[in-house]
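The primary structure of each chain is shown beneath.
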Amino acid sequence: MKNSYIKEPTQENGFDDGTQLSTFLENNYHEIQNLDIEYEDEEYPVLSQAESRASILPLEVDFDDVDLSNLDDTVIQNQILTNEANTMDEKNKRQAKKKAKEKKEQEIRAAEERLMQNDVPRTADEFEKLVRGSSNSIFLWIKYMALMLSLAEIEKARLIAERALRTINIREESEKLNIWTVYFNLENEYGNPREEAVMKVFQRALQYWDPKKVHLALLGMCERTEQHKLADELLEKMTKKFKHSCKVWLRRIQLVLKQHQDGVQSVINRALLCLPRHKHIKFITQTAILEFKSGVPDRGRSMFEGMLREYPKRTDLWSVYLDQEI
């Protein structure tokens, strides 16, 4: 049986394999024989002491009796902390990347606006030159469509919208979604029949983009044009389709308050039944803020005070509550 205490020769000692080690020992065998063994005990007492200690039996420890529970708990806790730190780092990186992207987009738009102010295109040919060089610029595409509409070229404006959707890079999600929104407004203004034309574009948009974002874009158009009936119908569908979305329920409450209806509490009760528990504080806080701004402030106060009785140490809730009272 191979002795487990004997280590294989490694390159760190200068021996690549067993053959080189054997050659080294053979070449130095005679020198080893010439050593005077009697000096081992007299002039080298350390060797004799080491030899005597080697005869002591090793300490035997039964690891079955060792309690490793605390160690395991510490390891698990360290692992959890490490995972949490990694998650926070990734989240911060994503947020920083998102902010950098938004800042870049704002700078590009500002530069385009300055360019347009200095030299405003007045013909389709001039716009064609610009969109070839900045094909991802929603600002240019919208201005191009506006030019066609000013010339009563409705069909050409539709074609430009379709072309923009094909041309803008697929990674520019916000830009493409803005083009769909402009397309909704175009059909809402010039479609015949209007509602049918809008819904046709809406159904197409649902095939390509996040359904919730597309629904919210159409809802925004309905609110801006004060089509309350269509907005009500759309929100009723959205609260069923996206019942776990806090944003959708808040838009529902916002519309109810704007129309001065009395069904706010019933909407709140439905929302709290549908939303996940971890979204309740966010939903109630935002609803209370809407009450202060557009509804009945006393209801907003009651909501804040109810949350603060349950979470008295939440300084962020106290801060938001004070902001509404100032």
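Quick caveat: nothing in here was measured; it's all calculated off a predicted structure. (Residues numbered from 1 in each chain as written. Predicted model: local features only at pLDDT ≥ 70, side-chain atom pairs only at ≥ 80, totals over all residues. Heavy atoms only, no water.)

Draft legend 1. Structural view of the packing of aromatic side chains. Inspection of the entire model under this criterion finds six aromatic pairs. A ring pair is formed by Phe292 and Phe304, whose centres lie 6.2 Å apart and whose planes are at 50 degrees; its orientation type is tilted. Taken together, the positions of Phe292 in helix α15 (residues 280-294) and Phe304 in helix α16 (residues 297-310) put the pair twelve residues apart, joining distant regions of the chain. According to the relative accessible area criterion, Phe304 is buried, its value standing at 0%. Aromatic rings pair up to connect Trp180, Tyr183 and Tyr208 into one cluster. (Phe/Tyr/Trp six-rings, centres within 6.5 Å; stacked < 30°, edge-to-face > 60°. Helix = DSSP H or I, 4+ residues; strand = E, 2+ residues; numbered from the N terminus. Buried < 20%, exposed > 50% of the residue type's maximum accessible area, 1.4 Å probe, protein only.)

Draft legend 2. Spotlight on the confidence of the model for the chain. Per-residue confidence for the chain gives a mean pLDDT of 77; residues scoring 70 or more make up 69%. Confidence drops under pLDDT 50 across residues 1-19; counting only partners more than four residues distant or on other chains, this segment forms eleven contacts. Contacts for the low-pLDDT stretch residues 61-68, under 50 throughout, to residues beyond four places or in other chains number zero contacts. (pLDDT = per-residue confidence, 0-100. Contact = heavy atoms within 4.5 Å.)

Draft legend 3. The nonpolar core, seen in detail. Among the nonpolar cores identified, the biggest contains 41 residues, and Trp141, Phe184, Leu218 and Met238 are the most heavily contacted of them. Looking at this core, the elements that each hand over two or more residues are α6 (124-133), α7 (138-150), α8 (154-167), α9 (173-190), α10 (194-206), α11 (211-224), α12 (228-241) and α13 (246-258). Once you skip the residues sitting within four places of it in the chain, Leu218 turns out to touch Phe184, Val198, Met199, Phe202 and Leu234. (Core = buried A, V, L, I, M, F, W, Y, C linked by side-chain atoms within 4.5 Å.)

Draft legend 4. Highlighting unusual backbone geometry. Cis geometry is adopted by the peptide bond preceding Pro193, which originates at Asn192 and carries an omega value of -5 degrees. Considering the arrangement of structural elements, one finds Pro193 in the loop between α9 and α10. Positive phi outside glycine occurs at Ala152, with the angle close to 65 degrees. Counting through the fold element by element, Ala152 comes out in the loop between α7 and α8. Residue classification places Ala152 among the exposed residues on the basis of a relative accessible area of 58%. Residues other than glycine seldom take positive phi values, yet Glu226 does so here, at roughly 55 degrees.

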